[in-house]
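Residue-level listing of the chains:
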Amino acid sequence: MSVSPRPPPPRSPGFLPRPGSRIPYGFAPCPSQIFEYNGSAVVAMVGKNCFAIASDRRLGVQLQTIATDFQRVFKIHDKLYIGLSGLATDAQTLYQRLVFRHKLYQLREERDMKPETFASLVSALLYEKRFGPYFCQPVIAGLGDDDVPFICTMDFIGAKELAKDFVVSGTASESLYGACESMYKPNMEPDELFETISQALSSSVDRDCLSGWGGYVLIVTPTEVREHVIKTRMD
Amino acid sequence: MTGSMDLPAKGGFNFDLCRRNNMLEKNGLKLPGFLKTGTTIVGLVFQDGVVLGADTRATEGPIVADKNCEKIHFMAPNIYCCGAGTAADTEAVTDMVSSQLQLHRYATGRESRVITALTLLKSHLFRYQGHVSAALVLGGVDCTGPHLHTVYPHGSTDTLPFATMGSGSLAAMSVFESRFKEGLTREEGIELVSDAIRAGIFNDLGSGSNVDVCVITKGKTEYLRNHQLPNPRTYASSKGFSFTKGQTEVLSTKIIPLKQKVEVAEGGDAMEE
């Protein structure tokens, strides 16, 4: 019987090929955290009869940046947007599936889907894949009946989390929680809401290596949609 | 599989992505953590019915994801269910059984019984051998009287006069074991349940925020959402942050006015034949 405990095996850096793997040299194997493969930051906030949804713009493969204009916030209809953080390929596939389902709904019902209904649809789609999931965390934001703003987020198997103030997701989510918790005020007008969400997003992605490289902020009010591209640190 | 249309599913789980995820796992992937409700949920039987209680914290690893989530789920007008474990699983399983109970009520024309809900839950959970990680406290009052049951993720159940589940269950059970007695009144029952949940909130790190209580008696159910708020947010300054307009550096802006829906005028002239 051995007396001294064996030292723990050295942690392998995620970006070197493991010995014995059949992956061609030059490609990194999957990291221990699938959500940190591409890096993302998405946040949504509620204001007075309006909402804001924002994301970063970096697409990376682990520590290498591939693109600085990647779209993470997608439009479902004029007053409903979804931001998808996590694995980028699953985000795009999931978005295409959701747009397909929404178009069928529009043909059958002759109207747009309400945000609450859409959130249930996304939750069901994700939970259906409970044992082989999409690695995406959606953030849904929309204006419902009487233009009451609605936001919610889910984990990657569809557990809905409704909030009245803000929701966050992505690799920068821990910083985003802190920033939004301090900077958020209820009933902000669209201009102030834009400033607040942009500051929360920029300060949080500054503290996250995997997200950043610019920000994309969308403010939606009952009469107009404002898209802004904001400047953050490009590192 | 991938060539077919993405038709609305016929129900049940879809295992399409399992092969890809297994490949990722072989290459070193560790599955990320789900949203769990590391929780304190309790129930007890009092003289007129059942009282259920739950905390309101939802965690994602060590981070609090939701400070005020609802853990007492509706099953039937006379049956409610508290859920601990993976949040998606508890919500999905209680929604599913709630729909099945509704269909059963339409078919039989009678009020649902608690053991019906219990049997539906336990058979579903046993079928998935514990992989659907939902630990539930099910309580309700039907024509046969008040009932309280616990359901474990693998499908076993217990029928008890008082029950606790979740990470804070030991803290809550200590309160119950010292102060529970048969034939409590409604006020005593609510106070005992609130004390048990507070024990979980303050002593267990996975539970926190507020106390939700649900009182079910014959013919009447009262859902006391946020019955107690022992953790108010007092540290925030009333002024908050205020950012002046123009503080953020904007690279580009695009403003899209939304099309207003056309108003159809009523009472116009009829078209000529």
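None of the values given here were measured: they were computed from a predicted structure.

J.: Please give an account of the overall build of chain B that cites residues and values.
T.: When you go through chain B residue by residue, the secondary structure sums to five helices and 14 strands. Since a compact globule built from 273 residues should have a radius of gyration of about 19 Å, the 24 Å found for chain B marks it as more spread out than a globular shape. Per-residue burial for chain B yields a buried fraction of 45% across its 273 residues. A separation of at least 24 residues holds for 62% of the contacts in chain B among residues at least 6 apart in sequence. When the accessible surface of chain B is totalled, it reaches about 15,100 Å², and 55% of it is carbon and sulfur. Separation between the mean location of the 27 positive side-chain charges and that of the 29 negative ones in chain B comes to 6 Å.

J.: Tell me what's going on with the confidence of the model for chain B, and back it up with residues and numbers.
T.: Per-residue pLDDT for chain B averages 89, and the proportion of residues at 70 or more is 93%. This prediction of the complex comes with two scores: 0.84 for pTM and 0.81 for ipTM.

J.: Outline the interface of chain A and chain B, supporting the account with residue identities and numerical values.
T.: Contacts between chain A and chain B engage 58 residues on the former and 63 residues on the latter. The contact between chain A and chain B buries some 5,400 Å² in all, and 57% of this surface belongs to carbon and sulfur atoms. Of all residues in chain A, Tyr127, Glu128 and Phe131 of chain A give up the largest surface area on contact with chain B, accounting jointly for 13% of the area buried on that side. Our count for the chain A to chain B interface comes out at five salt bridges. A salt bridge links Lys67 of chain B to Glu181 of chain A, with the shortest nitrogen-to-oxygen separation between them at 2.7 Å. Taken together, the connections running from chain A to chain B amount to 21 residue pairs in polar contact (both at pLDDT 80 or more). Going through the elements one at a time, α1 (88-109), α2 (115-128), β9 (160-163), α3 (173-183), α4 (190-206) and β12 (224-230) of chain A are the ones with two or more residues in the side of chain A that touches chain B. Class assignment for the residues of the side of chain A that touches chain B results in 24 nonpolar, 12 polar and 22 charged.

J.: Describe the packing of aromatic side chains, with residues and values.
T.: A complete count under the given rule lists 14 aromatic pairs over all chains for this structure. Consider the rings of Phe35 of chain A and Phe156 of chain A, whose centres lie 5.6 Å apart with planes at 65 degrees: the pair is edge-to-face. One end of the pair, Phe35 of chain A, is in the segment before β1 (41-46); the other, Phe156 of chain A, is in the loop between β8 (149-154) and β9, and 121 residues separate them in sequence. Assessed through its relative accessible area of 13%, Phe35 of chain A is described here as buried. Judged by its relative accessible area of 0%, Phe156 of chain A falls in the buried class. Ring centres 4.6 Å apart and planes at 40 degrees place the aromatic pair Phe162 of chain B and Phe180 of chain B in the tilted group. A residue pair is termed long-range when its members are at least 10 positions apart, and Phe162 of chain B in strand β11 (residues 162-165) and Phe180 of chain B in the loop between α4 (169-179) and α5 (186-203) qualify at 18 residues.

J.: Describe the sheet that holds strand β6 (residues 80-86) of chain A, listing the residues and the values that go with them.
T.: All names here are of chain A. Across the sheet, five strands lie side by side as β5-β6-β7-β8-β9; this open sheet has antiparallel pairing. Of all the strands in the sheet, just β5 (73-77) and β9 have a single pairing partner and so form its edges. Pairs of neighbouring strands in the sheet enclose a mean axial angle of 20 degrees, with direction left out of account. Two strands pair when backbone bridges link them, and β8 and β9 are joined in this way by four bridges, in the antiparallel orientation. For Cys152, the partnering residue across the bridge sits in β9 and is Leu162. Taken strand by strand, α1 contacts β5, β6 and β7 (136-143), and its axis lies near 5 degrees from that of β5.

J.: An account of the side chain of Lys129 of chain A is needed here, citing residue identities and associated values.
T.: Among the structural elements, Lys129 of chain A can be located in the loop between α2 and β7. It is Asp16 of chain B that comes nearest to the buried, bridge-free Lys129 of chain A among opposite-charge side chains, at 4.1 Å. Those residues within four positions of Lys129 of chain A in sequence are excluded, and the remaining contacts are Tyr134 of chain A together with Asn14, Asp16 and Leu17 of chain B.

J.: Tell me what's going on with the UniProt feature "active site" (unreviewed entry) in chain B, and back it up with residues and numbers.
T.: Residues and elements named next belong to chain B. As recorded in UniProt, the feature "active site" (unreviewed entry) lies at Thr39. Looking at the secondary structure, you find Thr39 in the loop between β1 (36-37) and β2 (41-45). Relative accessible area serves as the criterion here: at 0%, Thr39 is assigned to the buried category. Beyond its immediate stretch of four places on either side in the chain, Thr39 contacts Asp55, Lys71, Gly83, Ala84, Met165, Gly166, Ser167, Gly168, Asp204, Gly206 and Ser207.

Conventions and cut-offs
- Residues numbered from 1 in each chain as written.
- Chains lettered and ligands numbered in written order.
- Predicted model: local features only at pLDDT ≥ 70, side-chain atom pairs only at ≥ 80, totals over all residues.
- Heavy atoms only, no water.
- Helix = DSSP H or I, 4+ residues; strand = E, 2+ residues; numbered from the N terminus.
- Rg over C-alpha atoms; globule rule 2.2 N^0.38 Å.
- Buried < 20%, exposed > 50% of the residue type's maximum accessible area, 1.4 Å probe, protein only.
- Contact = heavy atoms within 4.5 Å.
- Areas by Shrake-Rupley, 256 points an atom, 1.4 Å probe, with all protein chains shown as cover.
- Lys, Arg positive; Asp, Glu negative; His and termini not counted.
- Charge placed at Lys NZ, Arg CZ, Asp CG, Glu CD.
- pLDDT = per-residue confidence, 0-100.
- Buried area = accessible area lost by both parts, 1.4 Å probe.
- Salt bridge = Lys/Arg side-chain N within 4 Å of Asp/Glu carboxyl O.
- Polar contact = N/O pair within 3.5 Å; in protein donor to acceptor, adjacent residues only side chain to side chain.
- Nonpolar A, V, L, I, M, F, W, Y, C, P; charged D, E, K, R; others polar.
- Phe/Tyr/Trp six-rings, centres within 6.5 Å; stacked < 30°, edge-to-face > 60°.
- Pairing = 2+ DSSP bridges.
- Axes fitted to C-alpha atoms, helices over the stretch in contact; angles between N-to-C directions.
- UniProt positions renumbered as here; feature names shortened; annotations may be inferred.

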